[in-house]
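# Remarks on the overall topology
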Amino acid sequence: MEILGDALGRPLRWQELSREEERQRLPADDSFPDSFVDALLDGYAQMLDGPPPVLTNTVEEVTGRPARSFAEWEKDHVGDF
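Keep in mind the model is a prediction, meaning the values are calculated, not measured.

Another point: the packing of aromatic side chains. Geometrically, a pair of aromatic rings is defined through the distance of the ring centres and the angle of the planes. The tally for this structure, following the rule as stated, stands at three aromatic pairs. An angle of 40° between the planes, with centres 5.9 Å apart, marks the rings of Phe-32 and Phe-36 as tilted. Plain terms: the ring middles of Trp-73 and Phe-81 are 6.0 Å apart, the flat faces sit at 75° to each other, and that makes the pair edge-to-face. Note on Phe-81: relative accessible area 48%, which makes it partly exposed.

Here it is in structure tokens:
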């Protein structure tokens, strides 16, 4: 959040919700299908419990250029926020 906040010129904060808080929040969004709530939350839990992703050079192999950092990406897209 700090990288994006710096680019925007203002502090940002992150507030993590418990599974139950998110379980209540998602169905309140009319655009979010109720039938997908538990599947989404289960998937997030599996990602947190699993091993970290393996870093590859696939971006460079496909594009011919190394992948950019998040900081580089957000500087190019700060106007979108």
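Here the focus is the pattern of salt bridges. Within the structure shown, the criterion is met by five salt bridges. Among the ionic pairs, Asp-38 bridges to Arg-19, the shortest N-O distance being 3.9 Å. Here Asp-38 is found in helix 3 (residues 37-49), whereas its partner Arg-19 is found in helix 2 (residues 19-25), with 19 residues between them in sequence. Its relative accessible area of 35% is what places Asp-38 among the partly exposed residues. Here Asp-76 makes a salt bridge to Arg-68, at a shortest N to O gap of 2.2 Å. Judged by relative accessible area, which is 53%, Asp-76 ranks as exposed.

This part covers helix 3. Relative to the 18 Å expected for 13 residues at 1.5 Å per residue, helix 3 spans 19 Å between its end C-alpha atoms, a close match to the ideal helical length. Those residues of helix 3 that are buried are in contact with helix 2.

Next up on the list: the confidence of the model for the chain. On average, residues of the chain score 91 in pLDDT, and 100% of them are at 70 or above. When mean pLDDT is taken per element in the chain, helix 4 (residues 58-63) scores highest with 97 and helix 1 (residues 2-8) scores lowest with 85.

The next thing to look at is a nonpolar patch on the surface. Side chains of Ile-3, Phe-70, Trp-73 and Phe-81 sit close together on the surface and give an oily, nonpolar patch of about 390 Å² of accessible area. The residue Phe-81 is located in the segment after helix 5 (70-77) in this model.

Counting through the fold element by element, Phe-36 comes out in the loop between helix 2 and helix 3. What makes Phe-36 partly exposed here is its relative accessible area of 40%. Sequence spacing of Phe-36 and Glu-22 is 14 residues, and the spatial spacing of their C-alpha atoms is 12 Å.

On to the nonpolar core, then. Formed by Leu-26, Phe-32, Val-37, Leu-40 and Leu-41, the largest nonpolar core amounts to five residues. With sequence-adjacent residues up to four places away left out, Leu-26 is seen in contact with Phe-32, Val-37, Leu-40 and Leu-41.

Rules of the game
- Residues numbered from 1 in each chain as written.
- Predicted model: local features only at pLDDT ≥ 70, side-chain atom pairs only at ≥ 80, totals over all residues.
- Heavy atoms only, no water.
- Phe/Tyr/Trp six-rings, centres within 6.5 Å; stacked < 30°, edge-to-face > 60°.
- Buried < 20%, exposed > 50% of the residue type's maximum accessible area, 1.4 Å probe, protein only.
- Salt bridge = Lys/Arg side-chain N within 4 Å of Asp/Glu carboxyl O.
- Helix = DSSP H or I, 4+ residues; strand = E, 2+ residues; numbered from the N terminus.
- Expected span 1.5 Å × (residues − 1).
- Contact = heavy atoms within 4.5 Å.
- pLDDT = per-residue confidence, 0-100.
- Patch = residues over 30% accessible without salt bridge, like charges linked within 9 Å, V, L, I, M, F, W, Y side chains within 5 Å.
- Areas by Shrake-Rupley, 256 points an atom, 1.4 Å probe, with all protein chains shown as cover.
- Core = buried A, V, L, I, M, F, W, Y, C linked by side-chain atoms within 4.5 Å.

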